[in-house]
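Take a look at the letters that make up each chain.
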Amino acid sequence: MTGVRVGVIGAGYVGLTTAVCLAERGHPTVCVDVDAGRVEHLNRGTPLLDEPGLPLLLRQGLDAQTLRFSADYTDLADRDLVFICVPTPSRFDGSADLSAVEAAVAELASLLPSAAVLVLKSTVPVGTTRWLARRLKPTGLRVVSNPEFLRESHAIYDFQHPDRVVIGADDDAAAEMVAAVYGASAPTLRMSPESAELAKYASNAFLAVKISYTNSLARLCAGVGADIGDVTRCMGADVRIGQHFLQPGPGWGGSCLPKDTAALLHTGRLAGVELPEVESARCTNAAQPARIVSTLSRTMATPLAHARVAVLGLTFKAGTSDVRDSPALTICAELGRTGAQITGYDPRLEQIDQAALRRASIVAVDDPYLAAKDADAVVVLTEWPEFCDLNWPLIAEQSPAAVVLDTRNLLDPASLADTGLTYLGNGMPSGY
Ligand code: NAD
Ligand code: UDX
């Protein structure tokens, strides 16, 4: 099936990826965003997000006129399928704030032809799809849940090679219409809207549990003289466990895992069901900054209040400029409260939200050697591969007393030890 007229609401990580990928599949696509500046940039071919493959698909879609961006909802009036990809951030009680979804649906309700299908790609609480369907019944519009599982920094690849396309729908024709835009080869899982909505939260929470368990094991490894790398290598070799998401670090962050675990717990509370594994994963995660601060205060020659701490890596993971809910920034903010001076470097510094860095007490510099100069500690917080290639002997020369705290176990301990620097790996016998 080609030529389904697709609409996409929201031109962020999920919406922009959906729009360029569906346009590439031959579906004439209009993507609407409330941010007129964003729309203007995108219509000029400026991708705005640093996702591999995005610039090319964007340019191809614009040139072929299968893709355009608009700040005007009325440009969606002739669409067959409209994907809603707007934010659903956490409210103070952990529940998902659906105001952007509601605003989008309110616009679309009076606009779309009755045969159109609304597709909820935003991550939404169980019951949202059915609730919207009921509300929209007088218009004839049908609503389908189609949660998105892409990872930032792999967004295009994940969209084009999904492990699964989940379609939660009661209406067979609507479900088939959604499945068709992905193509016959996509591994499609059909279920109820409730199951689809929950499957998304359950998946993200499972990933969070897996990482938190790894981080707790890393702590235990350091305490008993074992090596987390060997332990997870053994665990991951068991296909029932799988090798992914067993990498210790400064805690999990980003725009999804923190908010989705909070929302799942909120759903559990409403249903009277406890989810202690998810609670516990969040507690372990919340304890990560304190673990790093206490390790630094134990191992540095200078008291934290007078220390200079260099931080390498500010984004929530490598390969992105996204600092939303970045563990690196949480850790810097906590270090800042001790009085320590924090100098931060990130390879994507230019694209990073500078206000977020200031809020976390970080003085950002665009040179890793400048960040590390005269430092009492150098803390690796994001697994950027280029940090392995830094001239560590030079850093050792400029900051001979520095402790190198490698939260991601990125660096080679032996080469670091050769420089004379004190190297502390995460969950290593001579680490922390
Ligand atoms: P984002 O912040 O990157 O982008 C959202 C876009 O929506 C912004 O450009 C914003 O201007 C626009 N927008 C907000 N309200 C709007 C409205 N009423 N009408 C039109 N445009 C509007 O968000 P995102 O990361 O793409 O996340 C969107 C949804 O997808 C969320 O529910 C999120 O949980 C889910 N999700 C995100 C990821 C991810 O990796 N980022 C992965 C899977 C699912
Ligand atoms: C996540 C989910 O993976 C994706 O399926 C969903 O659609 C959106 O949320 P993303 O937020 O892009 O994707 O990040 P992800 O790659 O999952 O990493 C999340 C956090 O966990 C990062 O802070 C990362 O550094 C951390 N992490 C990941 C670890 O600490 N160890 C690991 O082994 C893996």
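Below is a short write-up of the structure.

Cut-offs used in this document
Residues numbered from 1 in each chain as written. Chains lettered and ligands numbered in written order. Predicted model: local features only at pLDDT ≥ 70, side-chain atom pairs only at ≥ 80, totals over all residues. Heavy atoms only, no water. Helix = DSSP H or I, 4+ residues; strand = E, 2+ residues; numbered from the N terminus. Rg over C-alpha atoms; globule rule 2.2 N^0.38 Å. Contact = heavy atoms within 4.5 Å. Areas by Shrake-Rupley, 256 points an atom, 1.4 Å probe, with all protein chains shown as cover. Lys, Arg positive; Asp, Glu negative; His and termini not counted. Charge placed at Lys NZ, Arg CZ, Asp CG, Glu CD. Phe/Tyr/Trp six-rings, centres within 6.5 Å; stacked < 30°, edge-to-face > 60°. Lys NZ or Arg CZ within 6 Å of the ring centre and 35° of its normal. Near = heavy atom within 4 Å. Polar contact = N/O pair within 3.5 Å; in protein donor to acceptor, adjacent residues only side chain to side chain. Nonpolar A, V, L, I, M, F, W, Y, C, P; charged D, E, K, R; others polar. Domains from an automatic or database assignment. Core = buried A, V, L, I, M, F, W, Y, C linked by side-chain atoms within 4.5 Å. Buried < 20%, exposed > 50% of the residue type's maximum accessible area, 1.4 Å probe, protein only. Salt bridge = Lys/Arg side-chain N within 4 Å of Asp/Glu carboxyl O. Pairing = 2+ DSSP bridges. Axes fitted to C-alpha atoms, helices over the stretch in contact; angles between N-to-C directions. Parallel < 35°, antiparallel > 145°, perpendicular 65-115°, else oblique. Left-handed = near helix turned anticlockwise from the far one by under 90°.

## Here we look at the overall build of the protein chain
Thought 1: A tally of regular secondary structure across the protein chain gives 17 helices and 14 strands.
Thought 2: Rg of the C-alpha trace for the protein chain: 23 Å, near the compact-globule value of 22 Å for 432 residues, within the 12% margin.
Thought 3: In terms of its C-alpha atoms, the protein chain occupies a principal-axis envelope of roughly 70 × 50 × 40 Å.
Thought 4: Within the protein chain, contacts between residues at least 6 apart in sequence are counted, and of these 70% link residues at least 24 apart.
Thought 5: As displayed, the protein chain has an accessible area near 18,500 Å², and 54% of this comes from carbon and sulfur atoms.
Thought 6: Averaged over its 36 positive side-chain charges, the protein chain has a centre that lies 4 Å from the centre of its 49 negative ones.

## Thoughts on the packing of aromatic side chains
Thought 1: All chains considered together, the criterion is met by two aromatic pairs.
Thought 2: The ring of W131 has R135 lying over it, and the distance from NZ or CZ to the ring centre is 5.1 Å.
Thought 3: Against the face of F149 rests R164, its NZ or CZ located 3.8 Å from the ring centre.

## Here's the deal with the site of ligand 2
Thought 1: Around ligand 2, the surrounding shell holds 19 residues, and the nearest of these are F149, L150, E152, Q247 and R408.
Thought 2: Within the contact set of ligand 2, a nitrogen atom lies 2.8 Å away from a backbone nitrogen or oxygen of Q247.
Thought 3: A total of 660 Å² of accessible area belongs to ligand 2 in isolation, and the protein chains cover 92% of it.
Thought 4: Examining the composition of the shell around ligand 2, we find that four residues originate from one element, helix 8 (residues 193–224), more than from any other.
Thought 5: Broken down by class, the residue content of the shell around ligand 2 amounts to 10 nonpolar, three polar and six charged.
Thought 6: Split by domain, the residues of the shell around ligand 2 number at least three in each of domain 1 (6–191) and domain 2 (227–432).

## What about the site of ligand 1?
Thought 1: Near ligand 1, the surroundings consist of 28 residues, among which V14, D33, Y73, T88 and K259 are the closest.
Thought 2: The separation between an oxygen atom of ligand 1 and a polar main-chain atom of T123 is 2.9 Å.
Thought 3: Within the side chain of K259, a nitrogen or oxygen atom sits 2.6 Å from an oxygen atom of ligand 1.
Thought 4: Considering ligand 1 on its own, with 830 Å² of exposed area, one finds that the protein chains cover 88% of that surface.
Thought 5: Residue classes in the shell around ligand 1 are distributed as 14 nonpolar, six polar and eight charged.
Thought 6: Counting only domains with at least three residues in the shell around ligand 1, you end up with domain 1 (6–191) and domain 2 (227–432).

## Brief notes about the nonpolar core
Thought 1: One finds V20, F69, L81 and F83 to be the most contacted residues of the largest nonpolar core, which totals 39 residues.
Thought 2: The biggest single contributor to this core is helix 1 (residues 13–24), with seven residues.
Thought 3: Excluding its chain neighbours within four sequence positions, the residues that come into contact with L81 are V4, R5, V6, G7, V117, V119, M177, V178 and V181.
Thought 4: Judged by nonpolar contacts, the second largest core, of 31 residues, contains I292, A307, L314 and V323.

## As for the environment of D325
Thought 1: With respect to the helices and strands, the residue D325 is situated in the loop between strand 9 (308–312) and helix 13 (327–337).
Thought 2: Note: C-alpha distance between D325 and K259 (66 residues apart in sequence) is 9.1 Å.
Thought 3: Filtering out sequence-adjacent residues up to four positions away, D325 remains in contact with G253, G254, P258 and F316.

## Overview of the pattern of salt bridges
Thought 1: Overall, the coordinates contain 20 salt bridges when judged by the stated rule.
Thought 2: The partner of D63 in a salt bridge is R59, and the shortest N-O contact between them spans 2.9 Å. You can see D63 and its partner R59 sitting in helix 3 (residues 54–63), four residues apart, about one turn around the helix.
Thought 3: The class for R59 is partly exposed, based on a relative accessible area of 35%.

## Brief notes about the sheet that holds strand 10 (residues 341–345)
Within a beta sheet, neighbouring strands are joined by backbone hydrogen bonds and run either parallel or antiparallel to one another.
Thought 1: Within the open sheet, the six strands sit side by side as 11-10-9-12-13-14. Their pairing is parallel. For this open sheet the edge positions go to strand 11 (362–364) and strand 14 (422–425), each flanked by a neighbour on one side alone. Neighbour-to-neighbour, the strand axes of this sheet turn through a mean angle of 25°, independent of strand direction.
Thought 2: Pairing of strand 9 with strand 10 involves five bridges; the strand directions are parallel. Residue pairing across strands places V311 opposite G344, the latter belonging to strand 10.
Thought 3: Sitting on the sheet, helix 13 is in contact with strand 9, strand 10 and strand 11, with an inclination near 160° to strand 10.

## Here's the deal with the environment of A307
Thought 1: Secondary-structure assignment places A307 in the loop between helix 12 (288–299) and strand 9.
Thought 2: Not counting the four nearest positions on each side in its chain, A307 is found in contact with M300, T302, A340, Q341 and D376.

## Some thoughts on the packing of helix 1 against helix 3
Thought 1: Two elements in contact, helix 1 and helix 3, have axes whose closest approach is 9 Å; the angle formed by their N-to-C orientations is 55°. Judged on the interaxial angle alone, helix 3 and helix 1 are oblique. Remark: the crossing between helix 1 and helix 3 carries left-handed chirality. Between helix 1 and helix 3, the residues in contact are L16, V20, C21 and E24 and L54, L57, L58 and Q60, respectively.
Thought 2: Split by residue class, the contact of helix 1 with helix 3 holds six nonpolar, one polar and one charged.

## Observations concerning unusual backbone geometry
Thought 1: At S153, a position not held by glycine, the phi torsion is positive, near 80°.
Thought 2: Secondary-structure assignment places S153 in the loop between strand 6 (142–145) and helix 6 (155–160).
Thought 3: Unusually for a residue other than glycine, N409 sits at a positive phi of about 50°.
Thought 4: Looking at where N409 falls in the secondary structure, it is placed in the loop between strand 13 (403–406) and helix 17 (413–418).

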